[in-house]
Amino acid sequence: QGQLVESGGGLVQAGGSLRLSCAGSGRTFSLYHMAWFRQAPGKEREFVALITWSGATTYNVDSVKGRFTISRDNAKNTVYLQMNSLQPEDTAVYYCAADRFSIGGAVNQWEYWGQGTQVTVSS
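Residues numbered from 1 in each chain as written. Predicted model: local features only at pLDDT ≥ 70, side-chain atom pairs only at ≥ 80, totals over all residues. Heavy atoms only, no water.

Asker: Give me the lowdown on the pattern of salt bridges, citing residues and values where you can.
Answerer: A side chain of one charge can pair with a side chain of the opposite charge if their charged atoms are brought near each other. According to the stated counting rule, one finds four salt bridges in the structure shown. Among the salt bridges present, the one from Arg-38 reaches Glu-46, with a minimum N-O distance of 2.6 Å. Judged by its relative accessible area of 7%, Arg-38 falls in the buried class. With relative accessibility at 38%, the residue Glu-46 sits in the partly exposed group. Here Arg-38 and Asp-90 are joined by a salt bridge, their closest N and O atoms 2.9 Å apart. On the criterion of sequence distance, the pair formed by Arg-38 in strand E4 (residues 33-39) and Asp-90 in the loop between strand E8 (78-83) and strand E9 (92-99) is long-range, its members being 52 residues apart. Residue classification places Asp-90 among the buried residues on the basis of a relative accessible area of 1%. A single network of salt bridges, built from pairs that share partners, joins Arg-38, Glu-46, Arg-67 and Asp-90. (Salt bridge = Lys/Arg side-chain N within 4 Å of Asp/Glu carboxyl O. Buried < 20%, exposed > 50% of the residue type's maximum accessible area, 1.4 Å probe, protein only. Helix = DSSP H or I, 4+ residues; strand = E, 2+ residues; numbered from the N terminus.)

The structure is reproduced here in structure tokens:
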């Protein structure tokens, strides 16, 4: 059974940085496309960024372009989200997701999910 575990969340002041990690186990996640989503209180889960299995292609939503960078280390079965210039509106629980075949921004396209890590940005 595949499992994803996120880490690296926390409390940071506006303008600060955090790096989230998502470690996979139980599956060869190096062959899976990976993504980050986030969910703020009272809002739906939204897509943030994705990276293809090889790392050759990445995509970020407009609201984080130039600030967030997704990357992966397939030797470690781990995907990262480097978040710079954080703003209070980035406050959310951040989830990583994996899927063998699908790539997209819809929640139901992704098979495996982590439990989430809280990111709080104070003003």
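Next comes the rest of the account.
Asker: How would you explain the sheet that holds strand E1 (residues 3-7) if you had to name every residue and give the values?
Answerer: Ordered in space as E1-E3-E8-E7, the four strands form an open sheet in which the pairing is antiparallel. Edge positions in the sheet fall to E1 and strand E7 (68-73), since each has one partner strand and no second. Taken over all neighbouring pairs, the strand axes of this sheet differ in orientation by 15 degrees on average, direction set aside. As paired strands, E7 and E8 are joined by six bridges and run antiparallel to one another. Bridge assignment links Ser-71 to a residue of E8, and that residue is Tyr-80. (Pairing = 2+ DSSP bridges. Axes fitted to C-alpha atoms, helices over the stretch in contact; angles between N-to-C directions.)

Asker: Please give an account of the state of the cysteines that cites residues and values.
Answerer: The final tally for this structure, using the stated rule, is one disulfide. Here Cys-22 is linked by a disulfide to Cys-96, with a sulfur-sulfur distance of 1.9 Å. Residues Cys-22 and Cys-96 share a disulfide whose torsion about the S-S bond is about 50 degrees; that sign makes it right-handed. With a gap of 74 residues between them, Cys-22 in strand E3 (residues 18-25) and Cys-96 in strand E9 connect regions that are remote in the sequence. Both residues of the pair, Cys-22 and Cys-96, belong to the buried class. (Disulfide = S-S within 2.5 Å.)

Asker: Tell me about the side chain of Arg-72, residues and numbers included.
Answerer: You can see Arg-72 is positioned in strand E7. No salt bridge is formed by the buried Arg-72; its nearest oppositely charged neighbour, Asp-73, is found at 8.2 Å. Reaching out from Arg-72, the side chain makes a polar contact with the backbone oxygen of Phe-29 at a distance of 2.8 Å. Beyond its immediate sequence surroundings of up to four residues, Arg-72 is in contact with Phe-29, Ser-30, Tyr-32, His-33, Met-34, Ile-51, Thr-52, Trp-53, Gly-55, Thr-78, Val-79 and Tyr-80. (Lys, Arg positive; Asp, Glu negative; His and termini not counted. Polar contact = N/O pair within 3.5 Å; in protein donor to acceptor, adjacent residues only side chain to side chain. Contact = heavy atoms within 4.5 Å.)

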